[in-house]
Amino acid sequence: MKRLTVVPIGLAVAVALVTPPAVAETPRWGEPVKRPVAEGYGGAVSTVDLDASKAALTVLEQGGNAVDAAVAAAATLGVTEPYSAGLAGGGFLVYYDARHRKVHTIDGRETAPRAMTSTSLQENGAPIPFDQAVTSGLSVGVPGSVAQWDLALRRFGTISLREALRPAIEVASKGFTVDQTFHDQTAQNADRFKDFTSTAALFLPGGAPPAVGTVFRNPDLARTYRDLGLRGARWLYDGRLGEEIVATVKRPPVTPGSTRTVRPGLMERSDLRAYRAVERPATRVSYRGMDVYGMAPPSSGGSTVGEALNILEALPTVGLHEYLEASRLAFADRNAYVGDPDQVRVPLRELLSDGFAKERACLIGDRAMAHPAAAGVPDGSYDPCPGAPAAGPQPKGVSEQPEGPETTHLVVADKWGNVVAYNITIEQTGGSGIVVPGRGFLLNNELTDFTFGPAENDPNLPGPGKRPRSSMAPTIVVKDGRPLLAVGSPGGASIITTVLQILVNRYELGMRLPEALAAPRASQRNAAATQAEPAFIDAHGPALTALGHTFTVAPGPPTGELGAATALEFLGRGRIQAVAEPTRRGGGSALVVRP
Ligand code: GLY
């Protein structure tokens, strides 16, 4: 592995600036190449990025297990997908343990600082402007990823954090080839990146986004990862790296002359010391003879996918109309009831009960429901067809924040049959836009996932130490105790509908997994119009419009795209099919150990 000369912080920033853009090399013979589908044995991985998939594959080939490989891939995505993932972000990991045939989850969600209150995202009784919150210290949550990697490796892994970070250090040192997606995401963010000295130095070398085909190196991040490997997670939660994070959150390095309003954050070192990644029971619903496991609150992924599947199972026939309606109802309930379970009472058992699902399913008729669907009453007492009004006002203040294509997802399986589905994020594509000077990574803006308020009865208002509600939905499907499929996606709240639609495509509409991922998508989240990809509107718009549905093109960027899923299917006798997107976000990378 290439070793870096240790250089002082200021110089390290300069290295990123002056390194001449090398031209990308073509892959050597026998090197994995980027493909959306791979089939074989001995372990498999699918991520949005070839370097990250290769990192996982290397760990698997060297005898590591799925958890080891997932951490290695996640850390590498922090290098090659730094606008979606990173050590200062958070995530949710679902793990199938083959030996005990048991599903575990680890919640590495960011937390609000203890100084945050229900009105911290308001000013004069109104929500602060969303774009001001996005690019601020105020929206930076206490990072969860490093604590999650550390816990995952100690609980279920076989290698150290130091070893797991090795592939990422190598990619950060040697560099990776800038593709159109990286270039475009940098360009979309250039206007705010230029307003922070540290961010401009790293991501706008020479004042512009790196050109497609050049090699992008991040020696600062290589050094940060190397130190993290040596010093351990405490370096962030109770050490020098944490001090630097807090200092940056409180006083973002605004470029002299910038006119941007940059609100400082509330994070203290005591918030970092108080942070814990948490093991939580997975959500589980039984669906057409399979067990579908997902992430429990504070993510709404498992509860909303699970509720929608229960609703679909209660219907006599399932097609795209029913998919949209089940999703609409499940989102009404998600918005009304799901928040951080350590701070609000979430009626999770009832939301996932068959009785509640039957009551909700009864509201689905031949035509699209009136908007907005009212939340149900998950109180344990259900009438299969209560004649309750389907539509009603949303609770005051409950509205969806703007959602983007942020976040990323990866899946890994090893030769022992262990499986990981792992969603990671720094929230917005580009997070807060603020790089910690000399450290090579962006701070998250995860606290914009809270409801800003003012709102009544909203389970997702901010609070001290609270975790904002997520939509991340890493999902593992099991039958008779053995894994059948693992899937997940980025995309803000549309993560839930992407995962749900892939499961509907696979198990209701009879598609094979590659088709189920590639098929055009639509996302109904209890909104008047369903967001959809243009190809979905072309193919299904007329038939669904005739049933009262209305559509709007998914906002992106890129406009008209929903999600960037990754998935595995277990085909029996040890054969695994790894699947990534053929085209969305530039296509993903599926690899197997033995093709
Ligand atoms: N920040 C995306 C999510 O947690 O759903």
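Anyway, here's the lowdown on the structure attached to this text. Keep in mind that what you see is a predicted model, and the values were worked out from it rather than measured.

Remarks on the overall build of the protein
Part 1: Across its full length, the protein carries 19 helices and 20 strands.
Part 2: Computed over C-alpha atoms, the radius of gyration of the protein comes to 22 Å, within 12% of the 25 Å expected from 2.2 N^0.38 for 595 residues, which places it in the range of a compact globule.
Part 3: Along the first, second and third principal axes, the C-alpha atoms of the protein reach 70 × 60 × 45 Å.
Part 4: Expressed as a percentage of contacts within the protein between residues at least 6 apart in sequence, the contacts between residues at least 24 apart total 74%.
Part 5: As displayed, the protein offers around 21300 Å² of accessible surface, 52% of which is attributable to carbon and sulfur atoms.
Part 6: Of the charged side chains in the protein, 58 are positive and 59 negative; the average position of the first set lies 6 Å away from that of the second.

Digging into the packing of helix α13 (residues 301-313) against helix α14 (residues 320-337)
Part 1: Running from N to C, α13 and α14 cross one another at 135°; their axes reach a closest spacing of 9 Å. Of the possible angle classes, the one that applies to α13 and α14 is oblique. The two elements α13 and α14 cross, and the hand of that crossing is right-handed. Counted together, T304, E307, A308, I311 and L312 of α13 and E322, Y323, A326, L329, A330, F331, D333 and R334 of α14 form the full contact between these two elements.
Part 2: For the contact of α13 with α14, the per-class residue count stands at eight nonpolar, one polar and four charged.

Considerations on the sheet that holds strand β16 (residues 530-532)
Part 1: Strand order in the open sheet formed by three strands is β15-β16-β17, with mixed pairing between adjacent strands. The open sheet is flanked by β15 (522-523) and β17 (551-553), the only strands paired with a single partner.
Part 2: Direction of pairing for β16 relative to β17: parallel, over a ladder of three bridges. What sits directly across from T530, in β17, is F551.

Here we look at α13
Side chains of residues three or four places apart in an α-helix project in the same direction, reflecting 3.6 residues per turn.
Part 1: With 13 residues, α13 should cover 18 Å at 1.5 Å per step; its first-to-last C-alpha distance of 18 Å lies within 8% of that length.
Part 2: For α13, the tally of buried residues reaches 12 of 13 residues, placing the bulk of the element in the interior.
Part 3: By the burial criterion, the buried members of α13 are G301, G302, S303, T304, V305, G306, E307, A308, L309, N310, I311 and L312.
Part 4: Residues of α13 that are buried sit in contact with β9 (283-287), β10 (290-294), α14, α15 (348-351), α16 (354-361) and α17 (494-507).

Side note on the site of the ligand
Part 1: As a matter of local geometry, the ligand sits amid R109, T407, T425, E427, E446, D449, S470, S471 and M472.
Part 2: A distance of 2.8 Å separates an oxygen atom of the ligand from a polar backbone atom of S471.
Part 3: Bound to the protein, the ligand loses 98% of the 200 Å² it would expose on its own.
Part 4: Each residue belonging to the shell around the ligand can be placed in one class, and the counts come to one nonpolar, four polar and four charged.

Things to note about the nonpolar core
Part 1: Of all hydrophobic cores here, the largest spans 85 residues; its most connected members are W149 and Y225.
Part 2: Aside from chain neighbours lying at most four places away, what touches Y225 is A75, G78, V79, L87, W149, L165, A168 and I169.

What to know about the pairing of strand β3 (residues 102-108)
Part 1: For β3, the tally of buried residues reaches six of seven residues, placing the bulk of the element in the interior.
Part 2: Here strand β2 (residues 90-97) pairs with β3 via seven bridges, running antiparallel. Directly across from G91, in β3, lies its bridge partner G108.
Part 3: Taking the residues that link successive antiparallel strands as the turn, the β2-β3 hairpin has four residues, and the phi of R101 there is positive, at about 50°.
Part 4: Note that β3 and strand β8 (residues 278-280) share three bridges and pair antiparallel. Of the residues in β8, the one forming a bridge with I106 is E279.

Each value, and the rule that gives it
Residues numbered from 1 in each chain as written. Predicted model: local features only at pLDDT ≥ 70, side-chain atom pairs only at ≥ 80, totals over all residues. Heavy atoms only, no water. Helix = DSSP H or I, 4+ residues; strand = E, 2+ residues; numbered from the N terminus. Rg over C-alpha atoms; globule rule 2.2 N^0.38 Å. Contact = heavy atoms within 4.5 Å. Areas by Shrake-Rupley, 256 points an atom, 1.4 Å probe, with all protein chains shown as cover. Lys, Arg positive; Asp, Glu negative; His and termini not counted. Charge placed at Lys NZ, Arg CZ, Asp CG, Glu CD. Axes fitted to C-alpha atoms, helices over the stretch in contact; angles between N-to-C directions. Parallel < 35°, antiparallel > 145°, perpendicular 65-115°, else oblique. Left-handed = near helix turned anticlockwise from the far one by under 90°. Nonpolar A, V, L, I, M, F, W, Y, C, P; charged D, E, K, R; others polar. Pairing = 2+ DSSP bridges. Expected span 1.5 Å × (residues − 1). Buried < 20%, exposed > 50% of the residue type's maximum accessible area, 1.4 Å probe, protein only. Near = heavy atom within 4 Å. Polar contact = N/O pair within 3.5 Å; in protein donor to acceptor, adjacent residues only side chain to side chain. Core = buried A, V, L, I, M, F, W, Y, C linked by side-chain atoms within 4.5 Å.

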